[in-house]
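# Close look at the chain arrangement
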Amino acid sequence: MDVLFNGLVDAVRLLLTGDQDSWSITALTLRVSLTATAIALLVGLPLGATVALARFPGRRLALAAVNTGMGMPPVVVGLFVTVLLWRSGPVGGLGLLYTPTAMIIAQSAIATPIVIALVAAALQQVDPDFRVQMQALGATPIRAFAALLGEARLPLLAAAMAAFGAVVSEVGAAQMVGGNLAGQTRVLTTAAVLATSRGQFSLAIAFGLILLLIAFCVNLSLTLIQQRQTVPR
Amino acid sequence: MRRTLTVVVAWVAAVVLTGCGTTASEPPAQKSLILATTTSTQDSGLLDELLPAFTRDSGWQVKTLAVGSGQAIELGRRGEADVLLVHSPAAETEFVAEGTAGARRLVMHNDFVLVGPKEDPADIKNANAAEALKKIAAAEAVFVSRGDESGTHAKEKGLWPKAGVTPGGSWYQSTGQGMGETLRVASEKAGYTLSDRATYLAQRGTLSLEVLSEGDPGLLNVYHVIEMTKKAGDLVQPDGAKAFADWIVAPPAQRLIGEFGRAKFGQPLFTPDAGKDESTLGQ
């Protein structure tokens with residue numbers, strides 16, 4: 001049990017003493033996972049809206065596919081991206097494998113289905129009359145869509161949080177496409193795995209606690225945004 | 001409602017800009033090579049000592065993939081790595097014979113040890129490797145195998161026939177993981193396992209395992225550096241491979257290898273061997 005306590009002490013020490021390695025690992029974790037979440041939102045929002053609101057053949061199939069995508073194992077995504085980025089793969093010449101960019105690509109692929117599925121679910125539960133009303137009031141389609149997003153802001157921000165939570169905590173893809181290179185692609189999860197395999201349990205726990213802390217900070221800021229406007233107007 | 005949207009958009013924009021900003025402020029791309037090596041060189045901490053010195057001396061950044069020797073060789077074969085530092089001699093000679101690899105040079109050695117619980121239920125203390133394995137099998141004491149086609153796993157698989165045993169059954173367990181994890185599993189299950197000495201010594205403090213059988217000439221653990229060539233793939237960098245291989249067999253790196261671990265463990269973890277005749281090792 002003292003491992004847990006030492007881990008807590010280590011985490012505080014690493015954060016307070018400004019340990020260079022831990023800070024750069026934490027900064028890279030935030031950079032990779034936030035960028036991947038942002039990309040997933042940019043791609044997932046329009047796609048999710050399309051699946052939710054448009055009528056096209058195969059729509060239910062598409063919904064089932066993105067819902068399956070929510071449960072896609074990061075290792076599988078990682079393997080797929082690795083094979084694509086291999087020197088012998090289709091875009092091998094770019095030399096992207098084992099870089100933060102590769103990690104962002106993989107994590108975006110993990111987060112996008114989550115955003116699509118949750119956005120689709122969020123928009124579908126908005127009262128269908130709402131859109132009719134907007135149109136009746138003479139809103140342009142873009143304004144109507146913006147109003148719809150506003151109406152569904154709670155679940156939409158929940159989608160952002162779910163996406164961020166999924167990518168910041170995954171280790172399989174980060175390890176595979178990033179390679180856990182010290183100072184280059186080492187993030188909190190892969191650092192924790194390495195520390196464990198080296199028998200440095202307190203350090204591993206410390207990384208875990210730092211991960212929890214930054215996840216909490218990100219979610220806290222999102223929650224504040226989410227809840228600020230929910231007071232009745 | 002507009003404000004919500006503005007806030008969301010601002011947040012997304014901020015994140016995207018932060019991401020781009022950080023990317024842009026990175027140092028300009030340096031020449032970097034990919035080294036595929038074994039978990040033992042990483043888990044023991046040797047690479048942390050060597051690689052910064054290599055980068056300083058040569059200007060090459062190194063991307064290290066610490067995997068089992070089997071996977072390292074496969075990465076070399078596919079042209080995904082520029083240089084290999086591995087310890088699976090039989091597989092290496094076969095691989096070099098295929099013709100895609102360049103020079104293969106001796107770097108260092110240490111040895112494998114059979115470790116197990118202090119109580120030693122199969123009574124293997126001071127037995128040679130073959131006898132020890134025979135006793136473990138006879139006692140059906142838990143033996144934890146790497147099971148990951150690593151150099152250590154290859155060595156272990158080579159030892160069982162010498163003991164006249166085909167391992168199997170519930171006492172023979174396979175983790176499929178690196179040396180550090182496998183030692184941990186063996187420790188928790190009070191089982192035996194084969195480990196390279198370096199990883200064991202580096203982690204001894206957190207394990208309840210002791211060295212029970214050692215010193216058998218069959219337990220030598222020899223590391224070679226293998227340069228890859230363009231024959232393995234168009235993007236292989238033979239110049240980087242040569243820079244690394246030349247550097248690691250040169251006296252300064254060999255001195256670092258010989259000193260590594262002396263301060264912390266009271267004994268060096270590896271013996272530098274560059275330029276020696278392999279058949280004289282361990283004598």
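Residues numbered from 1 in each chain as written. Chains lettered and ligands numbered in written order. Predicted model: local features only at pLDDT ≥ 70, side-chain atom pairs only at ≥ 80, totals over all residues. Heavy atoms only, no water.

This brings us to the environment of Phe265(B). All names here are of chain B. Mapped onto the elements of the fold, Phe-265 is located in helix H12 (residues 262-265). The exposure class assigned to Phe-265 is buried, which follows from its relative accessible area of 16%. Placed 181 residues apart in sequence, Phe-265 and Leu-84 show a C-alpha to C-alpha distance of 27 Å. Discounting chain neighbours no more than four positions away, the residues touching Phe-265 are Leu-201 and Ala-202. (Helix = DSSP H or I, 4+ residues; strand = E, 2+ residues; numbered from the N terminus. Buried < 20%, exposed > 50% of the residue type's maximum accessible area, 1.4 Å probe, protein only. Contact = heavy atoms within 4.5 Å.)

Another aspect to go through is the packing of aromatic side chains. Residue and element names in this part refer to chain B. Evaluated as defined, the whole model comprises eight aromatic pairs over all chains. Look at Tyr-223 and Phe-270: their rings are 5.6 Å apart centre to centre, the planes differ by 80°, and that puts the pair in the edge-to-face class. Taken together, the residues span a long stretch of sequence, with Tyr-223 in strand S9 (residues 220-228) and Phe-270 in the loop between H12 and strand S10 (271-272) at a distance of 47 residues. Taking relative accessible area as the criterion, Tyr-223 reaches 0% and is therefore assigned buried. (Phe/Tyr/Trp six-rings, centres within 6.5 Å; stacked < 30°, edge-to-face > 60°.)

Our focus in this paragraph is the pattern of salt bridges. Summed over all chains, the structure comprises 15 salt bridges over all chains. Asp48(B) is the salt-bridge partner of Arg198(A), the closest N and O atoms lying 3.2 Å from each other. Within this pair, whereas Arg198(A) is found in the loop between helix H10 (188-197) and helix H11 (201-228), its partner Asp48(B) is found in helix H3 (residues 46-58), the two belonging to separate chains. Between Glu92(B) and Arg104(B) there is a salt bridge; the shortest N-O distance is 2.9 Å. Taken together, the residues Glu92(B) in helix H5 (residues 89-97) and Arg104(B) in strand S4 (residues 101-116) connect sequence positions 12 residues apart. A relative accessible area of 0% places Glu92(B) in the buried class. (Salt bridge = Lys/Arg side-chain N within 4 Å of Asp/Glu carboxyl O.)

All names here are of chain B. Annotation of chain B at the domain level lists domain 1 (32-109 + 221-280) and domain 2 (111-219). Note on domain 1 versus domain 2: buried area summed over both sides is about 1,200 Å², and carbon and sulfur give 57% of it. It is Asp-43, Asn-221 and Phe-265 that lose the most area in domain 1 upon contact with domain 2, and together they represent 36% of the buried surface on that side. Taken together, the links from domain 1 to domain 2 amount to zero salt bridges. (Domains from an automatic or database assignment. Buried area = accessible area lost by both parts, 1.4 Å probe.)

Okay, a nonpolar patch on the surface next. Residues and elements named next belong to chain A. Together, Phe-5, Leu-8, Val-9, Val-12 and Leu-16 line one region of the surface with nonpolar side chains, adding up to about 510 Å² of accessible area. Within the secondary structure, Val-12 sits in helix H1 (residues 2-16). Residue classification places Val-12 among the partly exposed residues on the basis of a relative accessible area of 42%. (Patch = residues over 30% accessible without salt bridge, like charges linked within 9 Å, V, L, I, M, F, W, Y side chains within 5 Å. Areas by Shrake-Rupley, 256 points an atom, 1.4 Å probe, with all protein chains shown as cover.)

Right, let's get into the pairing of strand S3 (residues 83-86) of chain B. All names here are of chain B. The two faces of S3 match: Val-83 and Leu-85 on one face and Leu-84 and Val-86 on the other face are all buried. Sheet topology places strand S1 (residues 32-37) next to S3; three bridges connect them, and they run parallel. By the bridge assignment for S3, Thr-37 is matched with Leu-85. (Pairing = 2+ DSSP bridges.)

Below, the discussion takes up the UniProt feature "domain: ABC transmembrane type-1" (unreviewed entry) in chain A. Taken from the UniProt record, the annotation "domain: ABC transmembrane type-1" (unreviewed entry) applies to residues 26-222 of chain A. With 77% helix and 0% strand, residues 26-222 of chain A has its two end C-alpha atoms placed 19 Å apart. (UniProt positions renumbered as here; feature names shortened; annotations may be inferred.)

Residue and element names in this part refer to chain B. Packing of helix H4 (residues 69-77) against H5 leaves a shortest axis separation of 11 Å and a crossing angle of 10°. Relative to H5, the element H4 is oriented roughly parallel. Together, Ile-73, Gly-76 and Arg-77 of H4 and Ala-91, Glu-92 and Phe-95 of H5 make up the contact between the two elements. Split by residue class, the contact of H4 with H5 holds three nonpolar, one polar and two charged. (Axes fitted to C-alpha atoms, helices over the stretch in contact; angles between N-to-C directions. Parallel < 35°, antiparallel > 145°, perpendicular 65-115°, else oblique. Nonpolar A, V, L, I, M, F, W, Y, C, P; charged D, E, K, R; others polar.)

Residue and element names in this part refer to chain A. Between its terminal C-alpha atoms H1 stretches 21 Å, which fits the 21 Å expected from 15 residues at 1.5 Å a residue. Buried within H1 are the following residues: Gly-7, Asp-10, Ala-11 and Leu-14. The arc enclosing the buried residues of H1, seen along the axis, measures out at 105°, which places them on a common side. Facing away from the buried side of H1 by more than 90 degrees, the exposed set consists of Asp-2, Phe-5 and Leu-16. In this structure, the buried side of H1 is in contact with helix H2 (20-53) and H11. Looking one or two residues past H1, Gly-18 carries a phi angle of roughly 65°, positive in sign. (Expected span 1.5 Å × (residues − 1). Arc of directions from axis to C-beta.)

Inspection of the secondary structure puts Glu80(B) in the loop between H4 and S3. Within the local environment of Glu80(B), its side chain forms a polar contact with the backbone nitrogen of Arg87(A), the two atoms lying 2.8 Å apart. Ignoring anything within four residues of it in the chain, the contact list for Glu80(B) reads Trp86(A), Arg87(A), Ser88(A), Ile34(B) and Leu75(B). (Polar contact = N/O pair within 3.5 Å; in protein donor to acceptor, adjacent residues only side chain to side chain.)

In terms of nonpolar packing, the biggest core is built from 83 residues, with Leu123(A), Leu84(B) and Met228(B) touching the most fellow members. One finds Val62(B), Val107(B), Ala186(B) and Phe270(B) within the second-largest nonpolar core, a separate group that totals 40 residues. (Core = buried A, V, L, I, M, F, W, Y, C linked by side-chain atoms within 4.5 Å.)

Right, let's get into the environment of Leu207(B). Residues and elements named next belong to chain B. Looking at the secondary structure, you find Leu-207 in the loop between helix H9 (197-203) and strand S8 (210-213). Distance in space between the C-alpha atoms of Leu-207 and Ala-250 is 35 Å, their sequence separation being 43 residues. In contact with Leu-207, not counting residues within four places along its chain, are Leu-183, Arg-184, Ser-187 and Tyr-200.

Once that is clear, we can look at the UniProt feature "transmembrane region" (unreviewed entry) in chain A. Residue and element names in this part refer to chain A. According to UniProt, the feature "transmembrane region" (unreviewed entry) maps to residues 32-54, 61-86, 98-123, 144-168 and 203-225 in the numbering used here. When the span residues 61-86 is considered, its composition is 81% helix and 0% strand, and the gap between its end C-alpha atoms is 32 Å. Secondary structure across residues 203-225 comprises 100% helix and 0% strand; the distance between its end C-alpha atoms is 33 Å.

Here we take up the pairing of S4(B). Residue and element names in this part refer to chain B. A large share of S4 lies buried, amounting to 12 of its 16 residues. Both S4 and S10 contribute to a ladder of two bridges, which runs antiparallel. Within S10, the position partnered with His-109 by the bridge is Thr-271. With four bridges joining them, S4 and strand S7 (residues 193-196) adopt antiparallel strand pairing. The residue of S7 that forms the bridge with Val-113 is Ser-195.

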